[in-house]
Amino acid sequence: MARVVIEMGNYIASYAAKAARVKVVAAYPITPQTQIVERIAELVERGEMDAEYVCVESEHSAMVACIAAAALGVRTFTATSAHGLTLMHEALHWAAGSRLPIVMAVVNRAMGPGWNIWPDFSDSLSQRDTGWIQFYCADSQEIFDTIIQAYKLCEDKRVLLPAMVCFEGFVLSHTSMPVTIPDQGDIDEFLPPYDPGWTLDVDNPLSHATITPPEWYMEFRYLIQEAMENAKRLIPIVDEEYRRMFGFKHGGLIERYRCEDADLILMTMGVMGSEAKLAVDRLRNDGLNVGLARVRVFRPFPKEEIKGLAEGVRMIATVDRHTSFGMEGFLATEVKASLYGSKNPPLIAGFIAGLGGRDVTFHDIESMMRKAWDWMEEGKVEKEVEWVNLRW
Amino acid sequence: MGLGRGASRGLRDLPPTILSSPKVGSVGRTGSWRLSRPVINYDRCTKCLLCWIYCPEGCISRAEDEKPIIDYDYCKGCGICAKECPMDSILMEMEEV
């Protein structure tokens, strides 16, 4: 029987790992992720979750242990945040290069210094090029559903890549909201046991990730790129299949909200993509044709979909909870790159907001959209990159 | 899969990731990297087998009479055996280019 629970986002991630029948969890605690692995440890200890829980001495070891377990052919899970994730950085490359479908919850937290435990995307976005699929969630139901979907996607033989399911610290991780946990039998039907293509086996010895000379290295890298393109095609299909079984849909690659006939579309990620719906409604009430596109998957980046979305749109405003120092927000960069070569591309204004956990309310988002609307009417973006609510 | 041995012709022949079954020379005969080769003077060798223990590549095997034998197909010429030999019975000789 499906049941509704009211718990903080972190515990929802723990329940998703349990529902996915994860067999190995190797983890190291870090704020604001800690409750995910604490709750899993409790479930394993009480015998409610049939998994091996490996206590390790660092996040680097956590990822390496997950790689080893996944190479033995079992479903693995871990969770981390910020400095823990960046300590894993090297091992992230090994996981993706070894084509192991590990799923990891990343509870987004700003990188220090200044030492900060509050949310922004500087931790996960700086792992952009590791070969991991990256999902960004906007509410707790999506956390649960995306973890289940991620295993289904990543274990597909056409993909075989690891995935991060990212959600913002505190705003989601420590906020309780009702979440429907589907019937376990239905989840098992949606997500059958992991069937690995190869495994380490003492009776049939095999090495993986061994030396690969220049004659072949590029070919294996191309296969990762191809798997990412396959994932881009499959993510909306998996999301739709999930909706048919469980009733929840999260937009596939991009969640669109009131984008029909919009002159201006706001593009953002994570909880700002939830908050922005209020701003869109208020502006629509004032007669401004605006819409919202919440980019749910950052890698693979949905550039074709963005190209389609931008047709007939006069202005795109991106809101990045991150910045690439010396350039601009990643979302702004990727959206511009996606639209290169389009006929009559929209103007693009990039906003940087919410770094280090600074609150971004619908009032803030409404101000950004009104500003972008004015620039659209003037036909000129006054400031290509605007840092919102800076205290000068 | 035999990278470097011509078993795979293109990326469609490849597994998703780099996998290899343990076999001799799966990535080629790495002894070709060697600049100088250790040569054992068996007249001085006492068969103490320190060279066999220290060889980091496992390229020294023991014959039936415990005589150490160097496998030049994989010895990279690091010289550890020569350094460790208490009888100075291993000399490093430059490879001809």
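Residues numbered from 1 in each chain as written. Chains lettered and ligands numbered in written order. Predicted model: local features only at pLDDT ≥ 70, side-chain atom pairs only at ≥ 80, totals over all residues. Heavy atoms only, no water.

**A closer look at the overall build of chain A**
Right, on to step 1. A count of helical and extended segments in chain A gives 13 helices and 16 strands.
Right, on to step 2. Relative to the 2.2 N^0.38 estimate, which gives 21 Å for 392 residues, the radius of gyration of chain A is 21 Å and therefore close to what a compact globule would have.
Right, on to step 3. Once the C-alpha set of chain A is aligned to its principal axes, its extents read approximately 70 × 55 × 45 Å.
Right, on to step 4. In chain A, which comprises 392 residues, the proportion classed as buried is 57%.
Right, on to step 5. Accessible surface computed for chain A: about 16100 Å², of which carbon and sulfur atoms make up 52%.
Right, on to step 6. Seen as two clouds, the 39 positive and the 55 negative side-chain charges of chain A have centres 4 Å apart. (Helix = DSSP H or I, 4+ residues; strand = E, 2+ residues; numbered from the N terminus. Rg over C-alpha atoms; globule rule 2.2 N^0.38 Å. Buried < 20%, exposed > 50% of the residue type's maximum accessible area, 1.4 Å probe, protein only. Areas by Shrake-Rupley, 256 points an atom, 1.4 Å probe, with all protein chains shown as cover. Lys, Arg positive; Asp, Glu negative; His and termini not counted. Charge placed at Lys NZ, Arg CZ, Asp CG, Glu CD.)

**Points about the packing of helix 7 (residues 140–154) of chain A against helix 9 (residues 214–246) of chain A**
All names here are of chain A.
Right, on to step 1. Running from N to C, helix 7 and helix 9 point in directions that differ by 125°, and their axes come no closer than 10 Å. Between helix 7 and helix 9, the interaxial angle falls into the category oblique. Crossing handedness for the pair helix 7 and helix 9: right-handed. Here Phe 144, Asp 145, Ile 148, Gln 149, Lys 152 and Leu 153 of helix 7 lie close against helix 9, whose contacting residues are Ala 231, Leu 234, Ile 235, Val 238, Asp 239, Glu 241 and Tyr 242.
Right, on to step 2. Taken together, the residues of the contact of helix 7 with helix 9 sort by class into 8 nonpolar, 1 polar and 4 charged. (Axes fitted to C-alpha atoms, helices over the stretch in contact; angles between N-to-C directions. Parallel < 35°, antiparallel > 145°, perpendicular 65-115°, else oblique. Left-handed = near helix turned anticlockwise from the far one by under 90°. Contact = heavy atoms within 4.5 Å. Nonpolar A, V, L, I, M, F, W, Y, C, P; charged D, E, K, R; others polar.)

**Here we look at unusual backbone geometry**
What is expected of a backbone is that most residues other than glycine have negative phi and most peptide bonds are trans.
Residues and elements named next belong to chain A.
Right, on to step 1. Residue Pro 113 is reached from Gly 112 by a cis peptide bond, and omega for that bond is -15°.
Right, on to step 2. With respect to the helices, strands and loops of the structure, Pro 113 is situated in the loop between strand 5 (103–108) and helix 6 (122–125).
Right, on to step 3. For the bond from Arg 299 to Pro 300, the omega torsion is -5°, close enough to zero to count as cis.
Right, on to step 4. Counting through the fold element by element, Pro 300 comes out in the loop between strand 13 (297–299) and helix 11 (303–309).

**Topic: helix 13 (residues 362–378) of chain A**
Residue and element names in this part refer to chain A.
Right, on to step 1. For helix 13, with 17 residues, the first-to-last C-alpha span of 24 Å sits near the 24 Å given by 1.5 Å per residue.
Right, on to step 2. Among all positions of helix 13, only Asp 364, Ile 365, Glu 366, Met 368, Met 369, Ala 372, Trp 373, Trp 375 and Met 376 are buried.
Right, on to step 3. On its buried side, helix 13 packs onto strand 11 (264–268), helix 10 (272–285), strand 12 (290–295), strand 14 (315–320), strand 15 (347–352) and strand 16 (385–387). (Expected span 1.5 Å × (residues − 1).)

**Quick notes on a nonpolar patch on the surface**
Right, on to step 1. Taken together, the side chains of Phe 325, Trp 387, Leu 390 and Trp 392 of chain A present a nonpolar region at the surface, about 610 Å² in accessible area.
Right, on to step 2. Mapped onto the elements of the fold, Phe 325 of chain A is located in the loop between strand 14 and helix 12 (330–339). (Patch = residues over 30% accessible without salt bridge, like charges linked within 9 Å, V, L, I, M, F, W, Y side chains within 5 Å. Salt bridge = Lys/Arg side-chain N within 4 Å of Asp/Glu carboxyl O.)

**Some details on the packing of aromatic side chains**
Residues and elements named next belong to chain A.
Right, on to step 1. Scanning the model with the defined rule gives 7 aromatic pairs over all chains in all.
Right, on to step 2. Taking 5.5 Å as the distance between ring centres and 75° as the angle between the ring planes, the aromatic pair formed by Phe 298 and Phe 301 counts as edge-to-face.
Right, on to step 3. Phe 298 gets classed as buried once you look at its relative accessible area, which sits at 0%.
Right, on to step 4. Its relative accessible area of 9% is what places Phe 301 among the buried residues.
Right, on to step 5. With a centroid separation of 6.2 Å and an interplanar angle of 0°, the aromatic rings of Phe 351 and Trp 375 are classed as stacked. You can see Phe 351 sitting in strand 15 and its partner Trp 375 sitting in helix 13, a full 24 residues away along the chain. Across the pair, exposure class does not vary: Phe 351 and Trp 375 are buried alike.
Right, on to step 6. Members of the aromatic cluster, connected to one another through ring pairs, are Phe 190, Tyr 242 and Phe 246. (Phe/Tyr/Trp six-rings, centres within 6.5 Å; stacked < 30°, edge-to-face > 60°.)

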